[in-house]
Amino acid sequence: VRVLVVVPAFNEARNLPGVAEDLRASGTAADVCVVDDGSTDATAQVAASLGFGVLRLPVNLGIGGAVQAGYLWAERHGYDAAVQFDGDGQHDASYLGALVEPLRRGEADVVIGSRFLGDGGFRSTALRRAGIRYLSWFLRLRCGARVTDPTSGFRAAGRRAIALFARAYPSDYPEPEAIAVGARVGLRVAEVPVQMRERTHGASSITALRMLYYFLKVSTALLLLPLPGQRRGSMRA
Amino acid sequence: MFHPEILPIEVQLPSLAIQLLFLGWVLRLVRRQSLPLRDSLLWIASTVGALLVTAFPRLLVAGANLVGVRVPSNAVFGLGLLYVALNVLSVTIAASSNAARVRRLSQECALLRAEIEALRAGRQGGPTAAGQP
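Worth saying up front: this structure is predicted, and the values here are computed from it rather than measured. (Residues numbered from 1 in each chain as written. Chains lettered and ligands numbered in written order. Predicted model: local features only at pLDDT ≥ 70, side-chain atom pairs only at ≥ 80, totals over all residues. Heavy atoms only, no water.)

Undergrad: What's the story with the overall build of chain B in this structure? I'm lost.
TA: Looking only at helices and strands, chain B has four helices and zero strands in total. Each helix and strand of chain B, ordered N terminal to C terminal, gives the series α-α-α-α. Radius of gyration (C-alpha) of chain B: 26 Å, far over the 14 Å computed for a compact globule of 133 residues. Structurally, chain B occupies a C-alpha span of about 85 × 35 × 20 Å along its principal axes. Here chain B holds 133 residues, and the buried ones make up 23% of them. Of the contacts formed within chain B by residues at least 6 apart in sequence, a portion of 55% connects residues at least 24 apart. Accessible surface, chain B: about 9,100 Å² in total, of which carbon and sulfur atoms supply 69%. (Helix = DSSP H or I, 4+ residues; strand = E, 2+ residues; numbered from the N terminus. Rg over C-alpha atoms; globule rule 2.2 N^0.38 Å. Buried < 20%, exposed > 50% of the residue type's maximum accessible area, 1.4 Å probe, protein only. Contact = heavy atoms within 4.5 Å. Areas by Shrake-Rupley, 256 points an atom, 1.4 Å probe, with all protein chains shown as cover.)

Structure follows, in structure tokens:
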């Protein structure tokens, strides 16, 4: 299978060399596409000098719009799988193979890398873990998807999921909602255990005050999921 | 037209004048093509509605009685809020549909830029494998 690794990056010039090193060490044969989400630093130049394909968004769209650009690229260039891989060093490339494996075997359309299935690694604070459990419960309630780590941005999408996400991908903390969008139209969601690291440079994009917004936004989004068949071409979008 | 017991004339006339000025301003914006007619229709329709109620206050009393509002001035406040809420909602809808378009255009722009750079570099379009500069 042809795999595209999509690396959304906003001002990650300092972290990208580490990401490249990580990918190289994993021995993956996948193509890499860095989506420069309107960075003000040298993200695009650094990505190009590392030999990655680069998508330069002219304005900052946020993680949803950036990841969707990667899915569009994957769709147009006929990739069988697209893996979201953060540009901040949190994700571990040695799990790429495990993440794509259920797609390769045709057992799933979306595969989430979960911190909570296996042991060890960085698992975030207790408060966030409680929030994640709540989201996981809510997702199961709304669309039957059983996912232990719905906020994980380390995930792989097969052809059907690539086509869906290229057309409709949520914005603004899109991870849990994207699972719901997929499960709603019958995509099969699977999970594999992964370990994550704490980011090497810079702060997490989710500060204490934004957490309230995160949960209000995602909860409302899950409550108001569009009915299957009534979805417009792109959800706000 | 004039019913001082409902709407004092010294209130009615300035209100009419202000609403007419506002309507004239919106129409002028449309004629100068600063505001597409499509986006101004709601403003024009709702302002004409407000003008009618101000010019013929008995309409307001009749309307208030119809929906069971005892004090017509409360109906005015209610209608005013509705007027603003409707117009703000229509602006919000327009803004988010624009945001969706900007998103898709930016992505298209990024994809095209990548294609151009690939063509310029004289290779087949597409990202290169990890670690192969």
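After that view of the structure, there is still more to cover.
Undergrad: I keep staring at the overall build of chain A and nothing clicks. Help me out?
TA: For chain A, the count of helices and strands is eight helices and seven strands. Here the C-alpha atoms of chain A give a radius of gyration of 16 Å, agreeing with the 18 Å that 2.2 N^0.38 yields for 237 residues. For chain A, the spread of C-alpha atoms along the three principal axes comes to 45 × 40 × 35 Å. Here chain A, with 237 residues, has 56% of them falling under the buried criterion. Within chain A, contacts between residues at least 6 apart in sequence are counted, and of these 78% link residues at least 24 apart. Of the roughly 10,000 Å² of accessible surface on chain A, a fraction of 54% belongs to carbon and sulfur atoms. Counting 28 positive and 22 negative side-chain charges, chain A places the averaged centre of each group 7 Å from the other. (Lys, Arg positive; Asp, Glu negative; His and termini not counted. Charge placed at Lys NZ, Arg CZ, Asp CG, Glu CD.)

Undergrad: Looking at this structure, I do not really get the nonpolar core. What am I missing?
TA: For soluble globular proteins, the rule of thumb is that nonpolar side chains tend to be buried together. Counting 47 residues, the largest nonpolar core has Leu4, Val35, Leu55, Leu57, Tyr71, Trp73 and Phe165 of chain A as its most contacted members. In this view, Leu55 of chain A contacts Cys33, Val34, Val35, Asp36, Ala69, Gly70 and Trp73 of chain A together with Ala110, Leu111 and Ala114 of chain B; residues no more than four positions away in its chain are not counted. (Core = buried A, V, L, I, M, F, W, Y, C linked by side-chain atoms within 4.5 Å.)

Undergrad: Could you clarify how one ought to interpret the sheet that holds strand 7 (residues 189-193) of chain A in this entry?
TA: Strands pair in a sheet through their backbones, by hydrogen bonds, and they do so in one of two ways: parallel or antiparallel. Residue and element names in this part refer to chain A. The seven strands lie next to each other as 3-2-1-4-6-5-7, forming an open sheet whose pairing is mixed. Two strands in the sheet have a free side with no partner beyond their single neighbour: strand 3 (53-57) and strand 7. Here the strands of the sheet are splayed against their neighbours by 20° on average, with no regard to which way each runs. (Pairing = 2+ DSSP bridges. Axes fitted to C-alpha atoms, helices over the stretch in contact; angles between N-to-C directions.)

Undergrad: Honestly, helix 2 (residues 37-55) of chain B in this entry has me stumped. Any pointers?
TA: For the α-helix, the turn length of 3.6 residues means that residues three or four positions removed from each other point alike. Residues and elements named next belong to chain B. The end-to-end C-alpha distance of helix 2, which contains 19 residues, comes to 25 Å, matching closely the 27 Å that a straight helix rising 1.5 Å per residue would cover. Within the span of helix 2, buried status applies to Ser40, Ile44, Ser46, Thr47, Leu51, Thr54 and Ala55. On its buried face, helix 2 sits against helix 1 (9-31), helix 3 (57-67) and helix 4 (72-120). (Expected span 1.5 Å × (residues − 1).)

Undergrad: What is the right way to look at the pairing of strand 2 (residues 31-37) of chain A in this model?
TA: The side chains of a regular strand alternate between the sheet's two faces. Residues and elements named next belong to chain A. Most of strand 2 sits out of view: seven of its seven residues are buried. Bridging between strand 1 (residues 3-9) and strand 2 involves six bridges; their strand directions are parallel. If you follow Pro8 over to strand 2, its bridge partner there is Val35. In this view, the connection linking strand 1 to its parallel neighbour strand 2 by way of helix 1 (residues 16-26) has right-handed handedness. Here five bridges tie strand 2 to strand 3, and the two strands are oriented parallel to one another. (Right-handed = clockwise from strand over helix to strand, strands pointing away.)

Undergrad: Any chance you could explain the side chain of Ser152 of chain A here in plain terms?
TA: Residue and element names in this part refer to chain A. Along the chain, Ser152 turns up in the loop between helix 5 (126-143) and strand 6 (155-158). For Ser152, a relative accessible area of 1% puts it in the buried group. At a separation of 2.7 Å, a polar atom in the side chain of Ser152 contacts the main-chain carbonyl oxygen of Gly113. A polar contact of 3.2 Å, which involves the side chain of Ser152, links it to the backbone nitrogen of Phe154. The contacts of Ser152, once residues within four sequence positions are left out, are Ile112, Gly113, Arg115, Glu175 and Met196. (Polar contact = N/O pair within 3.5 Å; in protein donor to acceptor, adjacent residues only side chain to side chain.)

Undergrad: Honestly, the pattern of salt bridges in this entry has me stumped. Any pointers?
TA: Two side chains that carry opposite charge are able to pair once their charged atoms sit near each other. Residues and elements named next belong to chain A. Scanning all chains against the criterion turns up 12 salt bridges over all chains. Between Asp80 and Arg159 there is a salt bridge whose closest N-O contact spans 2.9 Å. Residue Asp80 is found in the loop between helix 3 (62-76) and strand 4 (81-84), and its partner Arg159 is found in helix 6 (residues 159-167); the two are separated by 79 residues along the sequence. Judged by relative accessible area, which is 24%, Asp80 ranks as partly exposed. We classify Arg159 as partly exposed; its relative accessible area is 49%. (Salt bridge = Lys/Arg side-chain N within 4 Å of Asp/Glu carboxyl O.)

Undergrad: In this structure, what is going on with the packing of helix 5 of chain A against helix 8 (residues 208-223) of chain A? I would like to understand it.
TA: Residue and element names in this part refer to chain A. The geometry of helix 5 relative to helix 8 is characterised by a closest axis approach of 10 Å and an angle of 5° between their N-to-C directions. Here helix 8 runs roughly parallel to helix 5, going by the angle between their axes. Residues Leu127, Arg128, Gly131, Tyr134, Leu135, Phe138, Leu139 and Arg142 of helix 5 pack against Met211, Tyr214, Phe215, Val218, Ser219, Leu222 and Leu223 of helix 8. In terms of residue class, the contact of helix 5 with helix 8 is built from 11 nonpolar, two polar and two charged. (Parallel < 35°, antiparallel > 145°, perpendicular 65-115°, else oblique. Nonpolar A, V, L, I, M, F, W, Y, C, P; charged D, E, K, R; others polar.)

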